Amino acid sequence: MDKGWGVVVVAAGRGTRMGTTESKQFLLLQDKPVFIHTLEVFAALDEMREIVLVTGAGDVERCLNWVKEYHLESRVRVIPGGKERQHSVHEGLKALGTDWVLVHDGVRPFINREQISACMTTVMSGGGAVLAVPVKDTIKQVNAEGVVTATPDRSSLWSIQTPQAFRLSALLHAYESAEKDGFLGTDDAMLAERQGITVKVVEGSYTNIKLTTPEDLQYAAFLLRGEK
Ligand SMILES: Nc1ccn([C@@H]2O[C@H](COP(=O)(O)OP(=O)(O)OP(=O)(O)O)[C@@H](O)[C@H]2O)c(=O)n1
Ligand SMILES: C[C@](O)(CO)[C@H](O)COP(=O)(O)O
(Lines give C-alpha, C1' and ligand atoms only; values in the text may rest on other atoms or scores of the structure.)
(Ligands and ions follow the chains in the order given, each with its own letter.)
Protein backbone atom coordinates (compact mmCIF):
# COMPACT_ATOMS: atom_id res chain seq x y z
CA MET A 1 0.00 0.00 0.00
CA ASP A 2 1.25 3.45 -0.87
CA LYS A 3 2.19 5.33 2.30
CA GLY A 4 1.61 8.69 0.68
CA TRP A 5 3.24 12.04 1.13
CA GLY A 6 5.21 13.74 3.86
CA VAL A 7 6.89 17.11 4.00
CA VAL A 8 10.00 18.26 5.83
CA VAL A 9 9.86 21.98 6.58
CA VAL A 10 13.29 23.19 7.65
CA ALA A 11 13.49 26.11 10.08
CA ALA A 12 16.66 25.55 12.08
CA GLY A 13 18.84 28.25 10.55
CA ARG A 14 20.18 31.33 12.30
CA GLY A 15 19.40 33.81 9.54
CA THR A 16 22.84 35.44 9.55
CA ARG A 17 22.20 37.36 6.31
CA MET A 18 18.93 38.77 7.66
CA GLY A 19 20.87 40.25 10.56
CA THR A 20 17.94 40.34 13.00
CA THR A 21 18.24 39.33 16.65
CA GLU A 22 15.30 36.98 16.23
CA SER A 23 15.80 34.19 13.68
CA LYS A 24 13.99 35.09 10.46
CA GLN A 25 11.65 32.08 10.57
CA PHE A 26 10.19 33.46 13.82
CA LEU A 27 9.72 37.06 12.65
CA LEU A 28 6.10 38.15 12.44
CA LEU A 29 4.30 38.80 9.17
CA GLN A 30 0.83 40.17 9.85
CA ASP A 31 1.32 39.12 13.51
CA LYS A 32 2.04 35.48 12.60
CA PRO A 33 5.49 33.81 12.60
CA VAL A 34 6.87 33.24 9.11
CA PHE A 35 7.15 29.46 9.59
CA ILE A 36 3.50 29.22 10.65
CA HIS A 37 2.45 30.86 7.38
CA THR A 38 4.47 28.15 5.62
CA LEU A 39 3.12 25.26 7.69
CA GLU A 40 -0.47 26.35 7.16
CA VAL A 41 -0.16 25.90 3.41
CA PHE A 42 0.96 22.27 3.79
CA ALA A 43 -1.44 21.51 6.64
CA ALA A 44 -4.34 22.51 4.39
CA LEU A 45 -3.47 19.70 1.96
CA ASP A 46 -5.33 16.48 2.83
CA GLU A 47 -2.79 14.35 0.96
CA MET A 48 0.04 15.52 3.29
CA ARG A 49 0.03 12.62 5.75
CA GLU A 50 3.06 13.72 7.77
CA ILE A 51 4.44 17.18 8.39
CA VAL A 52 7.77 17.46 10.19
CA LEU A 53 9.05 20.84 11.27
CA VAL A 54 12.79 20.87 11.91
CA THR A 55 14.02 23.65 14.14
CA GLY A 56 16.94 24.51 16.43
CA ALA A 57 17.26 22.30 19.50
CA GLY A 58 16.69 25.34 21.71
CA ASP A 59 13.57 26.36 19.77
CA VAL A 60 11.62 23.10 19.80
CA GLU A 61 9.56 24.06 22.81
CA ARG A 62 8.49 27.49 21.60
CA CYS A 63 7.74 26.07 18.15
CA LEU A 64 5.48 23.48 19.77
CA ASN A 65 3.71 26.32 21.58
CA TRP A 66 3.19 28.22 18.33
CA VAL A 67 2.03 25.04 16.59
CA LYS A 68 -0.59 24.64 19.34
CA GLU A 69 -1.58 28.31 19.23
CA TYR A 70 -2.36 27.96 15.51
CA HIS A 71 -4.16 24.61 16.01
CA LEU A 72 -1.68 22.61 13.98
CA GLU A 73 -0.70 20.11 16.69
CA SER A 74 -2.63 17.22 15.13
CA ARG A 75 -0.78 17.76 11.83
CA VAL A 76 2.75 18.88 12.71
CA ARG A 77 5.61 17.22 14.60
CA VAL A 78 8.59 19.30 15.74
CA ILE A 79 12.12 17.88 15.91
CA PRO A 80 15.61 19.36 16.37
CA GLY A 81 17.84 19.98 13.36
CA GLY A 82 21.57 20.26 12.75
CA LYS A 83 24.42 22.64 11.97
CA GLU A 84 23.76 23.09 8.24
CA ARG A 85 20.53 22.97 6.24
CA GLN A 86 21.58 19.57 4.90
CA HIS A 87 21.85 18.15 8.42
CA SER A 88 18.44 19.52 9.32
CA VAL A 89 16.82 18.04 6.22
CA HIS A 90 18.49 14.70 6.95
CA GLU A 91 16.97 14.63 10.46
CA GLY A 92 13.57 15.39 8.98
CA LEU A 93 13.83 12.64 6.37
CA LYS A 94 14.75 10.09 9.02
CA ALA A 95 11.62 11.05 10.99
CA LEU A 96 9.23 10.32 8.09
CA GLY A 97 7.47 7.06 7.29
CA THR A 98 5.89 7.98 3.96
CA ASP A 99 6.77 6.83 0.44
CA TRP A 100 7.12 10.32 -1.01
CA VAL A 101 8.64 13.49 0.38
CA LEU A 102 8.67 17.21 -0.24
CA VAL A 103 11.43 19.30 1.33
CA HIS A 104 10.58 22.95 1.86
CA ASP A 105 12.29 25.96 3.44
CA GLY A 106 10.32 27.30 6.40
CA VAL A 107 11.26 30.77 5.21
CA ARG A 108 9.41 30.46 1.88
CA PRO A 109 5.92 31.34 3.11
CA PHE A 110 4.50 32.23 -0.32
CA ILE A 111 4.35 28.68 -1.60
CA ASN A 112 0.90 27.69 -2.75
CA ARG A 113 -1.19 24.57 -3.26
CA GLU A 114 -0.92 24.62 -7.08
CA GLN A 115 2.87 24.75 -7.05
CA ILE A 116 3.10 21.95 -4.48
CA SER A 117 0.71 19.79 -6.52
CA ALA A 118 2.72 20.41 -9.68
CA CYS A 119 5.89 19.12 -7.95
CA MET A 120 4.00 16.08 -6.64
CA THR A 121 2.60 15.20 -10.06
CA THR A 122 5.95 15.63 -11.78
CA VAL A 123 7.98 13.50 -9.39
CA MET A 124 5.53 10.62 -9.63
CA SER A 125 6.61 10.14 -13.25
CA GLY A 126 10.14 9.35 -11.98
CA GLY A 127 13.30 11.04 -10.63
CA GLY A 128 13.02 14.26 -8.65
CA ALA A 129 11.15 17.55 -9.15
CA VAL A 130 12.13 21.02 -7.99
CA LEU A 131 10.24 24.26 -8.21
CA ALA A 132 12.21 26.88 -10.13
CA VAL A 133 12.01 30.05 -12.21
CA PRO A 134 14.09 31.07 -15.25
CA VAL A 135 16.74 33.64 -14.32
CA LYS A 136 15.82 37.15 -15.45
CA ASP A 137 19.22 38.82 -15.18
CA THR A 138 22.35 38.15 -17.15
CA ILE A 139 24.56 35.98 -14.95
CA LYS A 140 28.32 36.32 -14.90
CA GLN A 141 31.01 34.26 -13.31
CA VAL A 142 33.46 36.56 -11.49
CA ASN A 143 36.85 35.72 -9.99
CA ALA A 144 38.29 36.79 -6.62
CA GLU A 145 39.69 39.98 -8.23
CA GLY A 146 36.21 41.03 -9.38
CA VAL A 147 36.95 40.24 -13.01
CA VAL A 148 34.33 38.58 -15.20
CA THR A 149 35.51 35.19 -16.35
CA ALA A 150 32.42 33.87 -18.10
CA THR A 151 28.85 34.73 -19.13
CA PRO A 152 26.88 31.50 -19.21
CA ASP A 153 23.98 31.19 -21.66
CA ARG A 154 21.01 32.49 -19.69
CA SER A 155 18.50 30.41 -21.61
CA SER A 156 19.57 27.30 -19.69
CA LEU A 157 19.74 28.88 -16.22
CA TRP A 158 17.04 28.52 -13.60
CA SER A 159 16.83 29.84 -10.09
CA ILE A 160 15.99 26.91 -7.85
CA GLN A 161 13.42 27.11 -5.08
CA THR A 162 11.62 24.68 -2.83
CA PRO A 163 9.66 22.45 -2.51
CA GLN A 164 11.86 19.71 -3.88
CA ALA A 165 10.12 16.36 -4.30
CA PHE A 166 11.49 12.82 -4.29
CA ARG A 167 10.74 9.22 -3.42
CA LEU A 168 11.72 9.18 0.28
CA SER A 169 13.94 6.06 0.03
CA ALA A 170 15.90 7.56 -2.88
CA LEU A 171 16.45 10.90 -1.14
CA LEU A 172 17.44 9.23 2.12
CA HIS A 173 19.97 7.12 0.23
CA ALA A 174 21.34 10.29 -1.39
CA TYR A 175 21.63 11.96 2.01
CA GLU A 176 23.43 8.95 3.54
CA SER A 177 25.83 8.82 0.62
CA ALA A 178 26.57 12.56 0.90
CA GLU A 179 27.24 12.20 4.62
CA LYS A 180 29.58 9.28 4.04
CA ASP A 181 31.49 11.25 1.37
CA GLY A 182 31.56 14.50 3.38
CA PHE A 183 29.65 16.26 0.57
CA LEU A 184 27.72 19.40 1.50
CA GLY A 185 25.21 20.75 -1.00
CA THR A 186 23.03 23.85 -1.01
CA ASP A 187 19.84 22.09 -2.04
CA ASP A 188 18.36 18.60 -1.92
CA ALA A 189 18.49 17.99 -5.64
CA MET A 190 22.30 18.33 -5.67
CA LEU A 191 22.51 15.26 -3.48
CA ALA A 192 20.12 13.33 -5.71
CA GLU A 193 21.98 14.42 -8.86
CA ARG A 194 25.17 12.85 -7.43
CA GLN A 195 23.31 9.54 -7.42
CA GLY A 196 22.39 9.87 -11.08
CA ILE A 197 18.77 10.71 -10.30
CA THR A 198 17.14 12.79 -13.04
CA VAL A 199 15.74 15.99 -11.58
CA LYS A 200 13.10 17.96 -13.47
CA VAL A 201 12.28 21.62 -12.92
CA VAL A 202 8.69 22.66 -12.42
CA GLU A 203 8.13 26.28 -13.35
CA GLY A 204 6.98 28.15 -10.26
CA SER A 205 6.58 31.79 -9.39
CA TYR A 206 8.95 34.67 -8.72
CA THR A 207 6.94 35.41 -5.59
CA ASN A 208 7.99 32.16 -3.90
CA ILE A 209 10.86 34.05 -2.31
CA LYS A 210 13.17 32.81 0.40
CA LEU A 211 13.38 35.42 3.15
CA THR A 212 17.13 35.90 3.15
CA THR A 213 18.11 39.59 3.47
CA PRO A 214 16.33 42.57 5.11
CA GLU A 215 14.67 43.92 1.92
CA ASP A 216 12.89 40.57 1.54
CA LEU A 217 10.82 41.42 4.63
CA GLN A 218 9.38 44.54 3.02
CA TYR A 219 8.58 42.63 -0.15
CA ALA A 220 7.01 39.85 1.93
CA ALA A 221 4.79 42.34 3.74
CA PHE A 222 3.75 43.75 0.36
CA LEU A 223 2.99 40.29 -1.05
CA LEU A 224 1.00 39.34 2.03
CA ARG A 225 -1.21 42.42 1.73
CA GLY A 226 -2.12 41.28 -1.77
CA GLU A 227 -2.30 37.52 -1.34
CA LYS A 228 -3.71 36.60 2.02
N1 LIG B 1 21.27 24.48 10.02
C2 LIG B 1 20.23 24.90 9.29
C3 LIG B 1 20.39 25.95 8.38
C4 LIG B 1 19.28 26.35 7.63
N5 LIG B 1 18.09 25.74 7.81
C6 LIG B 1 16.91 26.21 7.09
O7 LIG B 1 17.10 26.16 5.70
C8 LIG B 1 16.33 27.16 5.06
C9 LIG B 1 17.14 27.92 4.02
O10 LIG B 1 18.34 28.36 4.58
P11 LIG B 1 18.88 29.85 4.65
O12 LIG B 1 18.03 30.82 3.98
O13 LIG B 1 20.30 29.81 4.31
O14 LIG B 1 18.69 30.10 6.22
P15 LIG B 1 19.76 30.43 7.31
O16 LIG B 1 20.81 29.38 7.36
O17 LIG B 1 18.95 30.67 8.53
O18 LIG B 1 20.33 31.83 6.77
P19 LIG B 1 21.83 32.35 6.73
O20 LIG B 1 22.55 31.48 5.74
O21 LIG B 1 21.70 33.77 6.30
O22 LIG B 1 22.38 32.22 8.15
C23 LIG B 1 15.79 28.06 6.17
O24 LIG B 1 14.41 27.79 6.33
C25 LIG B 1 16.60 27.68 7.37
O26 LIG B 1 15.91 27.82 8.61
C27 LIG B 1 17.96 24.69 8.72
O28 LIG B 1 16.88 24.14 8.87
N29 LIG B 1 19.06 24.28 9.43
C1 LIG C 1 17.32 25.12 -1.07
C2 LIG C 1 17.36 26.53 -1.55
O3 LIG C 1 16.34 27.29 -0.95
C4 LIG C 1 17.12 26.56 -3.04
O5 LIG C 1 17.21 27.87 -3.50
C6 LIG C 1 18.68 27.19 -1.27
O7 LIG C 1 19.67 26.58 -2.04
C8 LIG C 1 19.04 27.24 0.16
O9 LIG C 1 20.32 27.83 0.21
P10 LIG C 1 20.86 28.64 1.41
O11 LIG C 1 22.32 28.74 1.20
O12 LIG C 1 20.52 27.83 2.61
O13 LIG C 1 20.23 29.98 1.34
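Heads up: the structure comes first, above all this text.
Being a predicted model, the structure only gives us computed values, none of them experimental.

## A word on the pairing of strand β6 (residues 100-105)
Across the six residues that make up β6, a large majority, six, are buried. Neither face of β6 is left uncovered, since the one carrying W100, L102 and H104 and the one carrying V101, V103 and D105 both have all their residues buried. Direction of pairing for strand β1 (residues 5-11) relative to β6: parallel, over a ladder of six bridges. Within β6, the residue paired with V8 across the bridge is V103. In this structure, β6 lies alongside strand β10 (residues 158-167), joined through four bridges in antiparallel fashion. Bridging across to β10, V103 finds its partner in Q164.

## Some points on the side chain of S205
Positionally, S205 belongs in the loop between β11 (199-203) and α7 (214-227). Side chain to side chain, S205 and T207 meet in a polar contact 2.6 Å long. If we ignore the near neighbours within four places in the chain, the residues touching S205 are Q115, V133 and Q161.

## Focus on the site of ligand 2
With respect to spatial proximity, the complete set of residues near ligand 2 consists of R17, R85, D105, R108, I160, T162, T186, D187 and K210. Contact between ligand 2 and T186: an oxygen atom at 2.7 Å from a main-chain N or O atom of the residue. The contact in question runs from an oxygen atom of ligand 2 to an N or O atom on the side chain of K210, over 2.6 Å. Along the lines of polarity and charge, the residues of the shell around ligand 2 split into one nonpolar, two polar and six charged.

## Observations concerning the packing of aromatic side chains
Counted according to the given criterion, the structure contains five aromatic pairs. Taken together, a centroid distance of 5.7 Å and an interplanar angle of 25° make the contact between W5 and W100 stacked. Taken together, the residues W5 in strand β1 and W100 in strand β6 connect sequence positions 95 residues apart. Relative accessible area serves as the criterion here: at 6%, W5 is assigned to the buried category. Classification of W100 by relative accessible area gives buried; the value is 6%. With a centroid separation of 5.4 Å and 20° between ring planes, the pair formed by F26 and W66 is classed as stacked. Note that F26 is positioned in the loop between β1 and β2 (28-29) and W66 in helix α2 (residues 60-69), a separation of 40 residues in sequence. Of the two residues examined, F26 and W66, each falls in the buried class. Through successive ring pairs, a cluster of aromatic residues spans F26, F35 and W66.

Cut-offs used in this document
Residues numbered from 1 in each chain as written. Chains lettered and ligands numbered in written order. Predicted model: local features only at pLDDT ≥ 70, side-chain atom pairs only at ≥ 80, totals over all residues. Heavy atoms only, no water. Buried < 20%, exposed > 50% of the residue type's maximum accessible area, 1.4 Å probe, protein only. Helix = DSSP H or I, 4+ residues; strand = E, 2+ residues; numbered from the N terminus. Pairing = 2+ DSSP bridges. Polar contact = N/O pair within 3.5 Å; in protein donor to acceptor, adjacent residues only side chain to side chain. Contact = heavy atoms within 4.5 Å. Near = heavy atom within 4 Å. Nonpolar A, V, L, I, M, F, W, Y, C, P; charged D, E, K, R; others polar. Phe/Tyr/Trp six-rings, centres within 6.5 Å; stacked < 30°, edge-to-face > 60°.

Structural measurements only, silent on function.
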